[in-house]
Amino acid sequence: MKEDFLHYLWRYNKFDTTKLQTTENKSVTIINPGDYLQSSGPDFFNAKLIIDSQKWAGNVEIHVKSSDWYLHHHEKDKAYDNVILHVVWNHDARILRKDKTEIPTLQLRDFVEQDAILKYQSLLQPKSWIYCENQINAVDDFLLRKWQERLFFERLERKAAFIDELLLKNHNDWESTLFCLLAKSFGSNSNGQVFFDIAASIPYTVIRKERGNPESMEALLLGMAGLLDEPKEDVYFRTLVRQYQYLKIKYKLMPELSGSIQFFRLRPDNFPTIRLSQLANLLATHPNLFSELSAADSTEELYRIFKVSASHYWQNHYQFDHRSKTRKKVLSKGFVNLLIINTVIPIRFAYLKSLGKESLEKAIQLMESILPEQNGIIDKFKSIGIDAENAFQSQALLQLKNEYCNQSKCLNCAVGLELLKTTNKNVVL
């Protein structure tokens, strides 16, 4: 038996409430089970009960065993002084208040039907990937859509919280914050943190002064990344080195990287040289980038803004001193989609929220016009019958897997709660 299941039973009254009695044979009537806040302190706040004809208002604490009260040292915590009922599965100890009066205890197992337990056990059968993988595709489409909206909002809120912290560090400069977030996205998984460190270590006043010169911007980013440190015979390389040394002295720049730039196992189009050049040209081409991205009303406008390429030198290079077949290194639509998903929509959401103009519907509309990400999690959901048709759905599924399925939070999940209502106890999973 797990405590989260007991929370579920109490929260939704999934037991016989007509004949409740404490372990001391006092009748219990539930007027209000209380607010399930999932914070520190008792499990349910502001409950209203009638115990042995006496009306009580206070908190309810839930444990698997009564003795867990002492195991968790609640007797020493003032937050538990107002507990009016202790709900447990197994009653194995008397629990006393500081004044030595006993806290009424309800042994829930005496009032729960076997069917509810069987449904719970059925849901939590051993899994190969997620617990409900054999059942989730039977969930009503309307319920799944509403749950996806909630999951998407949770994921967006988490990203917005990170943006708020970064904004504070950047002295409420939205352009500087956007630069850091874009750098991280341009670095993808392999170089994201290092690219972020590069952006964070460059005062944005420097970017504002130099962004009119694409070559200076490229020298700045490649130099701060340490990609101009090793001597090369290449003429363009030496030009960038001179420019970077001038900028480094002029602005007293000090790179602060958490790791080294990675080329290993990257496709050439994702080489850090190419991505940093593309980022430099994006900043040089769009001096009012934050304003443009904030005002863009469609994905077509966003695609137009991100229609940039690496500089001319990189048309026949991926690394210095190594010529390659000539090809213009433009940002692919797939890569731009990732920039929109991971940077543009979160920072727009955070910005509008800061103005009191939070618009979840607009974020969803933009995400629904973008193809879903392609990764192992989305592929696995597809294999069990849940196909993401767009980025809104794929983001919701990522949130579901990472924050609910991986942490076995089935009883906090709309899918899990729905399956507990409908699962037939005779079904073998």
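Above this text is the structure in question.
Here's a quick rundown of the structure. (Residues numbered from 1 in each chain as written. Predicted model: local features only at pLDDT ≥ 70, side-chain atom pairs only at ≥ 80, totals over all residues. Heavy atoms only, no water.)

## Describing the packing of aromatic side chains
Per the stated rule, a full pass over the model turns up 22 aromatic pairs. Residues Phe162 and Phe196 carry aromatic rings whose centres are separated by 6.3 Å and whose planes lie at 45 degrees to one another, so their mutual orientation is tilted. Of the two residues, Phe162 sits in helix α4 (residues 141-169) while Phe196 sits in helix α6 (residues 188-200), which places them 34 residues apart along the sequence. Seen in terms of ring centroids, Phe263 and Phe271 are 5.1 Å apart; in terms of plane orientation they differ by 80 degrees. Their pairing is edge-to-face. Members of the aromatic cluster, joined through ring pairs, are Tyr236, Phe237, Tyr313, Trp314 and Phe320. It is Lys329 that lies over the ring of Tyr318; its NZ or CZ is 4.4 Å from the centre. (Phe/Tyr/Trp six-rings, centres within 6.5 Å; stacked < 30°, edge-to-face > 60°. Helix = DSSP H or I, 4+ residues; strand = E, 2+ residues; numbered from the N terminus. Lys NZ or Arg CZ within 6 Å of the ring centre and 35° of its normal.)

## Here we look at helix α10 (residues 272-285)
Its 14 residues place the ends of α10 20 Å apart at the C-alpha level, agreeing with the 20 Å of an ideal helix rising 1.5 Å per residue. Most of α10 is tucked away, with 13 of its 14 residues classed as buried. (Expected span 1.5 Å × (residues − 1). Buried < 20%, exposed > 50% of the residue type's maximum accessible area, 1.4 Å probe, protein only.)

## Details of the nonpolar core
Counting 81 residues, the largest nonpolar core has Phe179, Leu182, Phe186, Ile202, Leu279, Phe306 and Phe320 as its most contacted members. The biggest single contributor to this core is helix α13 (residues 333-354), with 10 residues. When near neighbours in sequence (up to four residues on either side) are disregarded, Phe179 contacts Ala199, Ile202, Tyr204, Ile207, Leu221, Leu279 and Leu283. Val60, Leu123, Trp147 and Leu400 belong to the second largest nonpolar core, which has 55 residues in total. (Core = buried A, V, L, I, M, F, W, Y, C linked by side-chain atoms within 4.5 Å. Contact = heavy atoms within 4.5 Å.)

## A few points about α4
Given a rise of 1.5 Å per residue, 29 residues ought to cover 42 Å, and the 42 Å separating the end C-alpha atoms of α4 matches this to within 8%. Downstream of α4 by one or two residues, His171 has phi in the positive range, about 55 degrees.

## Re the packing of helix α5 (residues 174-186) against α6
Any two packed helices are characterised by how steeply their axes cross, that is the angle between the axes, and by the distance between the axes. Put simply, α5 and α6 touch, their axes get as near as 6 Å, and they point 155 degrees apart. As summarised for this structure, α5 and α6 are arranged roughly antiparallel, according to the angle between their axes. The handedness of the crossing between α5 and α6 comes out as right-handed. Where α5 abuts α6, its residues Phe179, Cys180, Ala183, Lys184, Ser185 and Phe186 lie against Ser188, Gly192, Gln193, Phe195, Phe196, Ala199 and Ala200. Counted by class, the contact of α5 with α6 contains 8 nonpolar, 4 polar and 1 charged residues. (Axes fitted to C-alpha atoms, helices over the stretch in contact; angles between N-to-C directions. Parallel < 35°, antiparallel > 145°, perpendicular 65-115°, else oblique. Left-handed = near helix turned anticlockwise from the far one by under 90°. Nonpolar A, V, L, I, M, F, W, Y, C, P; charged D, E, K, R; others polar.)

## Describing the packing of helix α8 (residues 214-224) against α10
The geometry of α8 relative to α10 is characterised by a closest axis approach of 8 Å and an angle of 140 degrees between their N-to-C directions. Relative to α10, the element α8 lies oblique. Handedness of the α8/α10 crossing: right-handed. Residues Pro214, Met217, Glu218, Leu221 and Leu222 of α8 form the contact with α10, whose participating residues are Thr273, Leu276, Ser277, Leu279, Ala280, Asn281, Leu283 and Ala284. Residues belonging to the contact of α8 with α10 are distributed by class as follows: 9 nonpolar, 3 polar and 1 charged.

## Focus: the pattern of salt bridges
Counted under the stated rule, the structure contains 13 salt bridges. Ionic pairing is found between Asp173 and Arg208, a salt bridge with its closest N-O pair at 2.9 Å. In this pair, Asp173 is assigned in the loop between α4 and α5 and Arg208 in helix α7 (residues 204-210), connecting sequence segments 35 residues apart. In this structure, Glu175 and Arg208 form a salt bridge, with 3.0 Å as the shortest nitrogen-oxygen distance. Of this pair, Glu175 sits in helix α5 while Arg208 sits in helix α7, and the two are 33 residues apart along the sequence. (Salt bridge = Lys/Arg side-chain N within 4 Å of Asp/Glu carboxyl O.)

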